[in-house]
Amino acid sequence: MSSTVSSTPVPPHAQSSLHAVQVLGAGSSGSGVHVRSLSAGLVARGLRVTVCGPWSAERGYGFTETGARFTGLDALTDAGSMASLRRATLGAALVHAHGLRSGLLAAVALRGRNVPLIVTWHTRVDAEGARARLIRLMERRVARAAAIVLGASSDLVDRARARGARDARLAPVAVPAPRRPPETADGRRQKARAELGVVERPLLVTAGRLEAMAGHGPLLDAARRWRVLDPRPLLVVAGEGPDRAVLQRRIDTEGLPVRLLGRREDVPQLLSAADVAVLSSRWEARSLLAQEALHAGVPLVATAVGGVPELVGEAAELVPYGDPEALADAVTGLLTDPVRRVELAAAGRARTADWPTEDDTVAHVLSVYDELVQTFLREGVDGPGR
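Residues numbered from 1 in each chain as written. Predicted model: local features only at pLDDT ≥ 70, side-chain atom pairs only at ≥ 80, totals over all residues. Heavy atoms only, no water.

Looking at an unreviewed UniProt entry, one finds the protein named D-inositol 3-phosphate glycosyltransferase and attributed to Streptomyces violaceusniger.

Written out as structure tokens, the structure reads:
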């Protein structure tokens, strides 16, 4: 998980070893990769960084390898996690939480302290009934407690404003671009395809948590239509989650050309072996799968939801969410049109050149930190919402 760092000028407060605390939950892989990249960039520019989160996140992303400190928040109760977070934030110049639950935990832990809070909304939580009302209350509490809310997509910024955020901004959220494979990559691609049993079959790849939000129901509906193709493509799904048993029963009962691979650490390698990448989510901000696919030059079929259209532009085939026929037809069209696949691969790589880099992201966050600390020092205000 190396991170590219360049020579962005360091703001005055960074030069004085400003202490920034990052708070991370057990959420999406995209936010974990982002915090890892951000920590590396901030430490390289002279900040002291502490990352607070579950120990599973430290094991998965190696925050301490960037030079940051790590504090585990694996207490059996929220009160225990809050006590750990209060200790970790003593003397901090600011706290930057990532995600709704982390933002709420930080807001409560900082109550009564003159420490500004920034919250980045990487995703949203969909719920119904009583849980939906609870989520709205949490969003309102976090939005109003934060001095600044950073949204990974425009609709998240609008959502934060609707929940009462005084200052909500669209923020660049970059993940590390994968290293270009060496010239022997074609051999590895064929080996990966052979291991999956698709030497003579098209390979479709998707990745993400096995839950309703990922849209696997419509995706399996689409896979039913691919059964009549010759050769019949294989769809592999990297990821784990609560819906695994239900999905596996459907695959077995209906004889679908789908294989659940479980949690994988080699999704970029899987993508490099794919003919088409598929994103079927009900909603996404800056989909990690979409970014990895376009970086790899793999044609992408994705649902036109959330921040996906503004992320990929015309470098992917976009379909409505919940329309298995449109999804199946888009994939089939690409499998039967090698010229279009080449065009999309080139368009994807060109699109990634316009995305914010890790350096852009760190520079933007540093400017927000400096602005916020200057404001708190100048006005002597109490922490917002406390």
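1. Some details on the domain arrangement of the protein
Partitioning the protein into domains gives domain 1 (19–174 + 357–377) and domain 2 (185–354). Its C-alpha centre places domain 1 at a distance of 30 Å from the equivalent point of domain 2. Listed as interface residues are 12 residues of domain 1 and, on the opposing side, 10 residues of domain 2. Buried surface at the junction of domain 1 and domain 2, both sides included, amounts to about 860 Å², of which 57% is carbon and sulfur. Taken together, the links from domain 1 to domain 2 amount to 3 residue pairs in polar contact (both at pLDDT 80 or more). Looking at the side of domain 1 that touches domain 2, the element that brings in the most residues is helix 7 (residues 154–162), giving 3 residues. For the side of domain 1 that touches domain 2, a count of residues per class yields 3 nonpolar, 6 polar and 3 charged. (Domains from an automatic or database assignment. Contact = heavy atoms within 4.5 Å. Buried area = accessible area lost by both parts, 1.4 Å probe. Polar contact = N/O pair within 3.5 Å; in protein donor to acceptor, adjacent residues only side chain to side chain. Helix = DSSP H or I, 4+ residues; strand = E, 2+ residues; numbered from the N terminus. Nonpolar A, V, L, I, M, F, W, Y, C, P; charged D, E, K, R; others polar.)

2. Things to note about helix 15 (residues 338–352)
Along its 15 residues, helix 15 runs 21 Å from first to last C-alpha, staying within 8% of the 21 Å computed at 1.5 Å per residue. Taken together, the buried positions of helix 15 are occupied by Leu344, Ala345, Gly348 and Thr352. For helix 15, the buried positions fall inside an angular range of 105° around the axis, keeping them on one side. Residues Val339 and Val342 are exposed on helix 15 and point more than 90 degrees away from its buried face. Summarising the contacts, the buried residues of helix 15 are in contact with helix 12 (288–296), strand 12 (300–303), strand 13 (317–319) and helix 14 (324–335). (Expected span 1.5 Å × (residues − 1). Buried < 20%, exposed > 50% of the residue type's maximum accessible area, 1.4 Å probe, protein only. Arc of directions from axis to C-beta.)

3. Structural notes on the packing of helix 9 (residues 216–226) against helix 10 (residues 244–254)
For any two helices packed against each other, one specifies the inter-axial angle together with the distance between the axes. Running from N to C, helix 9 and helix 10 cross one another at 10°; their axes reach a closest spacing of 11 Å. Relative to helix 10, the element helix 9 lies roughly parallel. By crossing handedness, the relation of helix 9 to helix 10 is classed as right-handed. Note on element contacts: helix 10 touches helix 9 through Leu247, Arg250, Ile251 and Glu254, opposite His216, Gly217, Leu220, Asp221 and Arg224. (Axes fitted to C-alpha atoms, helices over the stretch in contact; angles between N-to-C directions. Parallel < 35°, antiparallel > 145°, perpendicular 65-115°, else oblique. Left-handed = near helix turned anticlockwise from the far one by under 90°.)

4. Overview of the packing of aromatic side chains
What the rule picks out here adds up to 3 aromatic pairs. Aromatic pair Tyr61 and Phe63: ring centres 6.0 Å apart, planes at 35°, arrangement tilted. Judged on exposure class, the residue Tyr61 and its partner Phe63 are both buried. The side chain of Arg286 reaches across the aromatic face of Trp355, ending 6.0 Å from its centre. (Phe/Tyr/Trp six-rings, centres within 6.5 Å; stacked < 30°, edge-to-face > 60°. Lys NZ or Arg CZ within 6 Å of the ring centre and 35° of its normal.)

5. Here's the deal with the pattern of salt bridges
Pairing is possible between side chains that carry opposite charge, provided their charged atoms lie close to one another. Scanning the model with the defined rule gives 18 salt bridges in all. A salt bridge links Arg193 to Asp275; its shortest N-O distance comes to 3.1 Å. One end of the pair, Arg193, is in helix 8 (residues 185–196); the other, Asp275, is in the loop between helix 11 (267–272) and strand 11 (276–279), and 82 residues separate them in sequence. Overall, the relative accessible area of 6% leaves Arg193 in the buried class. Owing to a relative accessible area of 17%, Asp275 belongs among the buried residues under this scheme. Close ionic contact of Asp266 with Arg264 constitutes a salt bridge, the shortest N to O distance being 2.9 Å. Of the residues examined, Asp266 reaches a relative accessible area of 22% and is grouped as partly exposed. Taken together, the shared-partner salt bridges in this structure form one network comprising Asp221, Arg224, Arg250 and Glu254. (Salt bridge = Lys/Arg side-chain N within 4 Å of Asp/Glu carboxyl O.)

6. So, the side chain of His216
Here His216 is to be found in helix 9. Not counting chain neighbours up to four residues away, the residues in contact with His216 comprise Gly208, Arg209, Leu210, Glu211, Val237, Leu247 and Ser280.

7. Considering the nonpolar core
Val23, Leu85, Val95, Leu117, Val119, Trp121 and Val149 are the most contacted members of the largest nonpolar core, which totals 36 residues. Among the secondary structure elements, those contributing two or more residues to this core are strand 1 (19–24), helix 4 (78–88), strand 4 (94–98), helix 5 (100–109), strand 5 (117–121), helix 6 (129–145) and helix 7. Looking at which domains feed residues into this core, each of domain 1 (19–174 + 357–377) and domain 2 (185–354) supplies at least three. Excluding residues within four positions of it along the chain, Val23 makes contact with Cys52, Leu73, Leu85, Val95, His96, Ala97, His98 and Ser102. One finds Leu24, Leu94, Ala147 and Leu150 within the second-largest nonpolar core, a separate group that totals 31 residues. (Core = buried A, V, L, I, M, F, W, Y, C linked by side-chain atoms within 4.5 Å.)

8. Looking at the UniProt feature "domain: Glycosyl transferase family" (unreviewed entry) in the protein
As annotated by UniProt and renumbered to match this structure, "domain: Glycosyl transferase family" (unreviewed entry) occupies residues 190–350. Counted over residues 190–350, helix gives 46% and strand 16%. Its end C-alpha atoms are 25 Å apart. (UniProt positions renumbered as here; feature names shortened; annotations may be inferred.)

9. Some details on the pairing of strand 5
Counting buried residues in strand 5 gives 5 out of 5 residues, a clear majority hidden from the surface. Burial along strand 5 is two-sided: Leu117, Val119 and Trp121 and Ile118 and Thr120, pointing in opposite directions, are all buried. Handedness of the crossover joining strand 4 and strand 5 through helix 5 is recorded here as right-handed. For strand 5 and strand 6 (residues 148–151), the ladder comprises 4 bridges, and the chain directions are parallel. Paired with Thr120 across the two strands is Leu150, which belongs to strand 6. Since strand 5 and strand 6 lie parallel, the crossover through helix 6 that links them has a hand, and here it is right-handed. (Right-handed = clockwise from strand over helix to strand, strands pointing away. Pairing = 2+ DSSP bridges.)

10. Focus: the environment of Val246
Here Val246 shows up in helix 10. A residue is classified by how much of its surface remains accessible, and Val246, at 45% relative accessible area, is partly exposed. As for Val246 and Ala277, which are separated by 31 residues in sequence, their C-alpha atoms are 23 Å apart.

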